[in-house]
Amino acid sequence: MGQLTTHVLDTMRGCPAAGMAVRLYRLAPAGEPALIRELVLNHDGRADGPLLKGEDFQPGRYRLVFEVAAYFRAAGVDLPEPPFLDAVPLDFGIADAGAHYHVPLLASPWAYSTYRGS
């Protein structure tokens with residue numbers, strides 16, 4: 001069975017992004033994104049378990065929204081108003097319901113990158 005996981009690293013401070021809020025949405029071909037889950041990342045910058053697994057893990061289009069500015073402000077970083085990066089949305093597709101999709105984020109207040117991890 002496939003699953004969806006995520007992991008966020010704070011590249012400004014060189015540590016996991018513990019405490020960052022994340023939302024997962026399913027994107028429909030037409031209409032509003034449907035919120036599936038809201039969570040806060042643990043001490044290792046990860047969700048405590050898969051974001052999707054089993055029968056909930058279906059092919060389709062999804063969006064992860066990472067609350068980057070709120071995380072850095074809570075960590076004591078002095079950000080301008082408005083911040084350069086606020087909530088970072090990542091849209092991605094799941095094509096194979098039997099595969100592991102890992103969507104990591106490397107983030108600072110000024111840049112981010114992602115890739116399909118393993």
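Residues numbered from 1 in each chain as written. Predicted model: local features only at pLDDT ≥ 70, side-chain atom pairs only at ≥ 80, totals over all residues. Heavy atoms only, no water.

Draft legend 1. Up close: the pattern of salt bridges. According to the stated counting rule, one finds five salt bridges in the structure shown. A salt bridge links arginine 13 to aspartate 10; the nearest nitrogen and oxygen atoms lie 2.7 Å apart. Take arginine 13: its relative accessible area is 42%, and that puts it in the partly exposed class. We classify aspartate 10 as buried; its relative accessible area is 1%. For glutamate 81, the salt bridge identified is with arginine 73, shortest N-O distance 2.8 Å. Judged by its relative accessible area of 66%, glutamate 81 falls in the exposed class. Residue arginine 73 is classed as partly exposed on the basis of its relative accessible area of 35%. (Salt bridge = Lys/Arg side-chain N within 4 Å of Asp/Glu carboxyl O. Buried < 20%, exposed > 50% of the residue type's maximum accessible area, 1.4 Å probe, protein only.)

Draft legend 2. Structural view of the packing of aromatic side chains. Inspection of the entire model under this criterion finds three aromatic pairs. Between tyrosine 62 and phenylalanine 92 the ring centres are 6.1 Å apart and the planes differ by 25 degrees, which places this aromatic pair in the stacked class. With tyrosine 62 in strand E6 (residues 60–67) and phenylalanine 92 in strand E7 (residues 87–94), this pair connects stretches of sequence that are 30 residues apart. Phenylalanine 92 shares its class with tyrosine 62; the two are buried. Between tyrosine 71 and phenylalanine 72, the aromatic rings sit 4.8 Å apart at their centres with planes inclined by 75 degrees, giving edge-to-face as the arrangement. Residue classification places tyrosine 71 among the buried residues on the basis of a relative accessible area of 6%. If you follow arginine 116 out to its NZ or CZ, it ends over the ring of tyrosine 101, 3.7 Å from the centre. (Phe/Tyr/Trp six-rings, centres within 6.5 Å; stacked < 30°, edge-to-face > 60°. Helix = DSSP H or I, 4+ residues; strand = E, 2+ residues; numbered from the N terminus. Lys NZ or Arg CZ within 6 Å of the ring centre and 35° of its normal.)

Draft legend 3. Molecular detail of the nonpolar core. Grouped together as the largest cluster of nonpolar side chains are 31 residues, with contacts concentrated most on Leu4, Met20, Leu24, Leu64, Phe66, Val68 and Phe92. Put simply, the parts of the chain that give this core at least two residues each are strand E1 (3–10), strand E3 (21–27), E6, helix H1 (68–74), E7 and strand E8 (100–107). Residue contacts for phenylalanine 92: discarding those within four places in its chain leaves Leu4, Leu24, Gly60, Arg61, Tyr62, Arg63, Leu64 and Val103. (Core = buried A, V, L, I, M, F, W, Y, C linked by side-chain atoms within 4.5 Å. Contact = heavy atoms within 4.5 Å.)

Draft legend 4. Region of interest: the sheet that holds E3. Judged by pairing direction, the sheet is antiparallel, and its four strands sit side by side in the order E4-E3-E6-E7 without closing on themselves. Every other strand in the sheet has two partners, leaving strand E4 (34–40) and E7 as the edge strands with one partner each. Neighbour to neighbour, the strand axes of the sheet diverge by 20 degrees on average, direction disregarded. Bridge count for E6 against E7 is eight bridges, and the pairing is antiparallel. Residue pairing in the sheet places phenylalanine 66 in a bridge with valine 88 of E7. (Pairing = 2+ DSSP bridges. Axes fitted to C-alpha atoms, helices over the stretch in contact; angles between N-to-C directions.)

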